[in-house]
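Structural characterization, general
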Amino acid sequence: MDNKENQDLIKLFTKLRVTDVRDGMDWMGYHHYGSVDYSIRPLFRPETSVIGVARTARYIPYEGPVPALPPDEYRKWVNMYYTEICNDPWSKDIQIGDFICLDVAGIDVGLLGSNNTLHCKKAGAVGFLTNGGGIRDTDEVILQKIHVWSRFISQPMDQARIRFIEKDIPIAIGGVAVYPGDVVVGDGDGVIIVPRKIAKDVAKYAWQEASADKKSRKQLYIDLGMPLDDTVE
């Protein structure tokens, strides 16, 4: 994907809320598409607003068996596991503005944690979306302001639980198809996926609705003697 084109798309959606984008999708006739299931929630609030471009990968459950090994030998097996079975080649491709979308088949596993998400943030990732747990070390993740939307929080490590399958392919999260390059918008109201082919038009109508809302609320702020903030300016 061309990163300049990605950045241009992201700029079109900057400061739009999930609800504004939902309205823009409705204007384009996508009333029943795009909104990720409400069970997938942000790890923390407030300051959860993130806009990016989807970078996708898919994992499935590990079939086993798990070898019965003493701890020293188990360490060798774990090293093999992370090298050959549960790796993350998608993380080597990250560009600025990528929103990492991971289909983890609903598995209770900490594929994401305080260390690898920070590496991804350093590479330019702006957020993470999963359809299972997929996130652990959450106190540190919150402290580091890593934006994650997931179904639940996980404790377990990856080994003997999950296997990498493929990257840069269409996946499904929360009842929505996510294609590489789609626009992903997340905030406290959840996540919405905007198909790349209609993204510019969706942004146009989203801003139409957002501008009307800002204008109306700004007048109400004035009437109520409330100090203006960046949600109405």
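Scope of this entry: the structure provided in the associated data block. Only a predicted model underlies this, so the values are computations on that prediction, with no experimental measurement involved. (Residues numbered from 1 in each chain as written. Predicted model: local features only at pLDDT ≥ 70, side-chain atom pairs only at ≥ 80, totals over all residues. Heavy atoms only, no water.)

1. Thoughts on the environment of methionine 28
Looking at the secondary structure, you find methionine 28 in the loop between α2 (18-27) and β1 (41-42). The exposure class of methionine 28 is partly exposed, given its relative accessible area of 25%. Sequence separation between methionine 28 and isoleucine 198 is 170 residues; the distance between their C-alpha atoms is 8.1 Å. In contact with methionine 28, other than residues within four places in its own chain, are Ile198, Asp201, Val202 and Tyr205. (Helix = DSSP H or I, 4+ residues; strand = E, 2+ residues; numbered from the N terminus. Buried < 20%, exposed > 50% of the residue type's maximum accessible area, 1.4 Å probe, protein only. Contact = heavy atoms within 4.5 Å.)

2. Overview of a nonpolar patch on the surface
On the surface, a cluster of nonpolar side chains totalling about 300 Å² of accessible area is made up of Leu220, Leu224 and Met226. Tracing the backbone shows leucine 224 in helix α6 (residues 199-224). Owing to a relative accessible area of 62%, leucine 224 belongs among the exposed residues under this scheme. (Patch = residues over 30% accessible without salt bridge, like charges linked within 9 Å, V, L, I, M, F, W, Y side chains within 5 Å. Areas by Shrake-Rupley, 256 points an atom, 1.4 Å probe, with all protein chains shown as cover. Salt bridge = Lys/Arg side-chain N within 4 Å of Asp/Glu carboxyl O.)

3. Points about the pairing of strand β3 (residues 98-103)
Across the six residues that make up β3, a large majority, six, are buried. Judged by which residues are buried, β3 turns out to be covered on both faces: Asp98, Ile100 and Leu102 on one side and Phe99, Cys101 and Asp103 on the other are all buried. With six bridges joining them, strand β2 (residues 50-61) and β3 adopt parallel strand pairing. Bridging across to β3, valine 53 finds its partner in aspartate 98. (Pairing = 2+ DSSP bridges.)

In short, the description is geometric, and any link to function would need to be established separately.
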